[in-house]
Number of protein chains: 2
Amino acid sequence: MKRSDRLVSMTNYFLENPRRLNPLPRFTEMYQAAKSSISEDLVIVDRVFQEEGIGHLQTIAGAAGGVRYIPEFSTDSSLHFINALCSKLEDPVRILPGGYLYMSDILGDPKMVNQIGRVLGSAFSDAEIEVVVTVATKGIPLAYAVASYLAVPVVIVRRDPKVTEGSSVSINYVSGSSRKIQTMVLPKRSLKEGANVCIIDDFMKAGGTITGMTSLLAEFNANVKAIGVLAEADDEEEDRVVENYTSLIKISNVDIKQKRIQVLPGNFNQK
Amino acid sequence: MKRSDRLVSMTNYFLENPRRLNPLPRFTEMYQAAKSSISEDLVIVDRVFQEEGIGHLQTIAGAAGGVRYIPEFSTDSSLHFINALCSKLEDPVRILPGGYLYMSDILGDPKMVNQIGRVLGSAFSDAEIEVVVTVATKGIPLAYAVASYLAVPVVIVRRDPKVTEGSSVSINYVSGSSRKIQTMVLPKRSLKEGANVCIIDDFMKAGGTITGMTSLLAEFNANVKAIGVLAEADDEEEDRVVENYTSLIKISNVDIKQKRIQVLPGNFNQK
């Protein structure tokens, strides 16, 4: 195979297999090419990936070594994306009765969801996450986007037990905003003991849901290494019960009468 | 930029932007290269994409023309994937009380989910789908995977109305297997009138859920162009109420006493 063909094939391979360690012989055999040619290919792929701001190739020396693609999303690209999202969300037609904000179109766009996953994932890149955990329903697509980026599985906490998943662990918790007692369930076999997890959700108000998840995860002796949300509500009347989290945007000053809304960048860049 | 660098950059661009029509000047400007060089690049990318079985570049002539990446997943690759999935699922430790099958690990693996999305998406590639519709909860990741492949948005039908999405249309339907009356809700602004939709779900037994979705979608005058499920239950005692669907696998003969289970390819290849 010629260099030009190899580069197209390799680019696809790395993008498809983030974080997987590939011994060099894999490529020399796959492409029937000399080690020196493959090494030159890898230099090119690495350079262009860095220029495009999508990550880099990491080379590990030694017998158990090889090369792997570490996805990255630059802080500049992240902030650019966050600012564009803020403008998009400030459209007053998004205001719903009760002062809520319509975001289903954003969360329904796979490309947008993917970008959000990259931004959140890049913030947790070094946290050695083994599993992404979310709670049904709206956080699910974001959780998969982050998990794809980190190349780890997703576990979904449910609010209702399903007969089809075997024995479960459940907890009751008090919702932060409504003060109601709610239930959360996780099937026993869905999470191994002591895993490093990252919690992902679409929206955080007082943080009751995330506190509930943290309690449920404690039953599995999980280490909550990171918490990421797309949006947080900037509500000064309520005490936030979750402290260590990363948010991309902050929704404040929803004025239903004046049809005005303010959407600001979250704490992403202050971490 | 040199050809080698352009090829890496272009490959990433096309994989990131499936089905988007790109006028050639976009590339000549982006890479500061002559039209003839870009044309040669495109021939290389197209050839390798076809060899890799991931799709092809479609060229549209004329002033409004350009080039776009049409993702494809070959029937061979699909059948290979389906057969591997069947073997994986036949493991008797997956049998749950009640004769259900544990599949959460499969549905929790973003890479696996992506592959399922490719196989189902490739089956509906020519159906001019505008929106992928699913029902909470387990079908959601599959719906996003199919939608990414088809480059269209996802709309999620819920079983409980959420105050945060504005006015909704709801229907009651009779569940096929339990004969209970259930509710389904879709926010009004989430789906435009008369859209071409594809319904995706993880599992179909008698098909009551999908029939319910079809009724709800009729309220939006949607055209259900395709129905895709990961798994169907091969249950001869029940009459299937949905006829035109595509399934990847068929679960039959779950024998709890003998700890045996049979998982066969679905009707994917008979369509």
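Residues numbered from 1 in each chain as written. Chains lettered and ligands numbered in written order. Predicted model: local features only at pLDDT ≥ 70, side-chain atom pairs only at ≥ 80, totals over all residues. Heavy atoms only, no water.

Caption draft 1: Looking closely at the overall build of chain A. Each helix and strand in chain A was counted, giving eight helices and twelve strands. Summarising its shape, the C-alpha atoms of chain A cover approximately 65 × 45 × 30 Å along the three principal directions. Across the 271 residues that make up chain A, the buried fraction comes to 52%. Look at the contacts in chain A between residues 6 or more apart in sequence, and 60% of them connect residues 24 or more apart. Taken as a whole, chain A presents about 12,200 Å² of accessible surface, with 47% of it coming from carbon and sulfur. Looking at charge distribution, chain A has the averaged site of its 30 positive side-chain charges lying 4 Å from that of its 32 negative ones. (Helix = DSSP H or I, 4+ residues; strand = E, 2+ residues; numbered from the N terminus. Buried < 20%, exposed > 50% of the residue type's maximum accessible area, 1.4 Å probe, protein only. Contact = heavy atoms within 4.5 Å. Areas by Shrake-Rupley, 256 points an atom, 1.4 Å probe, with all protein chains shown as cover. Lys, Arg positive; Asp, Glu negative; His and termini not counted. Charge placed at Lys NZ, Arg CZ, Asp CG, Glu CD.)

Caption draft 2: Structural context of the packing of helix α4 (residues 75-89) of chain A against helix α6 (residues 110-123) of chain A. Residues and elements named next belong to chain A. Remark: α4 packs on α6, axes separated minimally by 10 Å, with the N-to-C direction vectors making an angle of 135 degrees. As far as their axial angle goes, α6 and α4 are oblique. Our pair here, α4 against α6, has a crossing hand that is left-handed. Each of S78, F81, I82, L85 and K88 in α4 lies in contact with α6, whose residues at this interface are M112, Q115, I116, V119 and S122. The residue makeup of the contact of α4 with α6, split by class, is six nonpolar, three polar and one charged. (Axes fitted to C-alpha atoms, helices over the stretch in contact; angles between N-to-C directions. Parallel < 35°, antiparallel > 145°, perpendicular 65-115°, else oblique. Left-handed = near helix turned anticlockwise from the far one by under 90°. Nonpolar A, V, L, I, M, F, W, Y, C, P; charged D, E, K, R; others polar.)

Caption draft 3: Inspection of the interface of chain B and chain A at higher detail. Between chain B and chain A, the contact holds 52 residues from the first and 52 residues from the second. Across the contact surface, chain B and chain A share four salt bridges. The salt bridge partner of A:D5 is B:R47, with a shortest N-O separation of 2.6 Å. Among the elements of the structure, α1 (3-16), α3 (35-52), β4 (100-101), α5 (104-107), α6 (110-123), α7 (140-150) and β6 (154-157) of chain B are those that each provide at least two residues to the side of chain B that touches chain A. When residues in the side of chain B that touches chain A are grouped by element, the largest group, nine residues, is from α1(B). A class-by-class count of the residues in the side of chain B that touches chain A yields 27 nonpolar, twelve polar and 13 charged. (Salt bridge = Lys/Arg side-chain N within 4 Å of Asp/Glu carboxyl O.)

Caption draft 4: Just the relation of the copies chain B and chain A, in detail. Superposition record for chain B on chain A: RMSD 0.0 Å, screw rotation 180 degrees, translation along axis 0.0 Å. When the rotation and shift are considered jointly, the pair of chain copies conforms to a two-fold rotation axis. (Least-squares fit on C-alpha atoms with pLDDT ≥ 70 in both.)

Caption draft 5: Just the packing of aromatic side chains, in detail. Residue and element names in this part refer to chain B. Taken as a whole and judged by the stated rule, the model has ten aromatic pairs over all chains. Each ring, one from Y13 and one from F27, has its centre 5.7 Å from the other, and the planes form 90 degrees; the classification is edge-to-face. In this pair, Y13 is assigned in helix α1 and F27 in helix α2 (residues 24-31), connecting sequence segments 14 residues apart. One exposure class covers both Y13 and F27, and it is buried. (Phe/Tyr/Trp six-rings, centres within 6.5 Å; stacked < 30°, edge-to-face > 60°.)

Caption draft 6: Region of interest: the pairing of strand β1 (residues 55-60) of chain B. All names here are of chain B. Examined bridge by bridge, β1 and strand β2 (residues 66-71) share six bridges and lie antiparallel to one another. For H56, the partnering residue across the bridge sits in β2 and is I70. Between the end of β1 and the start of β2, which pair antiparallel, lie five residues, with G62 showing a positive phi angle near 100 degrees. (Pairing = 2+ DSSP bridges.)

Caption draft 7: Local environment of the sheet that holds strand β5 (residues 131-135) of chain A. Residue and element names in this part refer to chain A. In space, the six strands of this open sheet follow the order β6-β5-β9-β10-β11-β12, with mixed pairing throughout. The open sheet has two edge strands with one neighbour each: β6 (154-157) and β12 (260-265). Direction aside, the axes of adjacent strands within the sheet are offset by 25 degrees on average. Here β5 runs beside strand β9 (residues 196-204); their pairing, made up of three bridges, is parallel.

Caption draft 8: Spatial organisation of the domain arrangement of chain A. Each assigned domain of chain A is listed with its residue range as follows: domain 1 (3-71) and domain 2 (75-270). The gap between the C-alpha centroids of domain 1 of chain A and domain 2 of chain A is 34 Å. (Domains from an automatic or database assignment.)

Caption draft 9: Region of the structure containing the pairing of β5(A). Residues and elements named next belong to chain A. Across the five residues that make up β5, a large majority, five, are buried. The pairing of β5 with β6 spans four bridges and is classified as parallel. Within the sheet, the bridge partner assigned to V133 lies in β6 and is V155. Between β5 and its parallel partner β6, the chain crosses via helix α7 (residues 140-150), and the hand of that crossover is right-handed. (Right-handed = clockwise from strand over helix to strand, strands pointing away.)

Caption draft 10: Inspection of unusual backbone geometry at higher detail. Residue A:T137 follows A:A136 across a cis peptide bond; omega there is 15 degrees. Topologically, A:T137 is positioned in the loop between β5 and α7. A positive phi is found at B:E128, a non-glycine position, where the angle reads about 55 degrees. You can see B:E128 is positioned in the loop between α6 and β5 (131-135). Using a relative accessible area of 61% as the deciding quantity, one classes B:E128 as exposed.

Caption draft 11: A look at helix α3 (residues 35-52) of chain A. Look at α3(A): 26 Å from first C-alpha to last across 18 residues, which is about the 26 Å you get at 1.5 Å a residue. Among all positions in α3(A), only A:I38, A:D41, A:L42, A:I44, A:V45, A:D46, A:V48 and A:F49 are buried. In this structure, the buried residues of α3(A) make contact with α1 (3-16), α2 (24-31), β1 (55-60) and β2 (66-71) of chain A together with α1 of chain B. A:G53 occupies a position one or two residues after α3(A) and carries a positive phi of about 70 degrees. (Expected span 1.5 Å × (residues − 1).)

Caption draft 12: Quick look at the side chain of B:S252. Assignment of secondary structure puts B:S252 in strand β11 (residues 246-255). Apart from the residues lying within four places of it in its own chain, the contact partners of B:S252 are B:D234, B:I261, B:Q262 and B:L264.

Caption draft 13: Geometry of the sheet that holds β5(B). Residues and elements named next belong to chain B. What the six strands build is an open sheet, ordered β6-β5-β9-β10-β11-β12; its pairing is mixed. The two strands at the open ends of the sheet, each matched to only one other strand, are β6 and β12 (260-265). Across the sheet, the mean angle from the axis of one strand to that of its neighbour is 25 degrees, orientation sign disregarded. Against the sheet, α6 makes contact with β9 (196-204), β10 (223-233) and β11, and its axis sits at roughly 120 degrees relative to β11, the strand it touches most.

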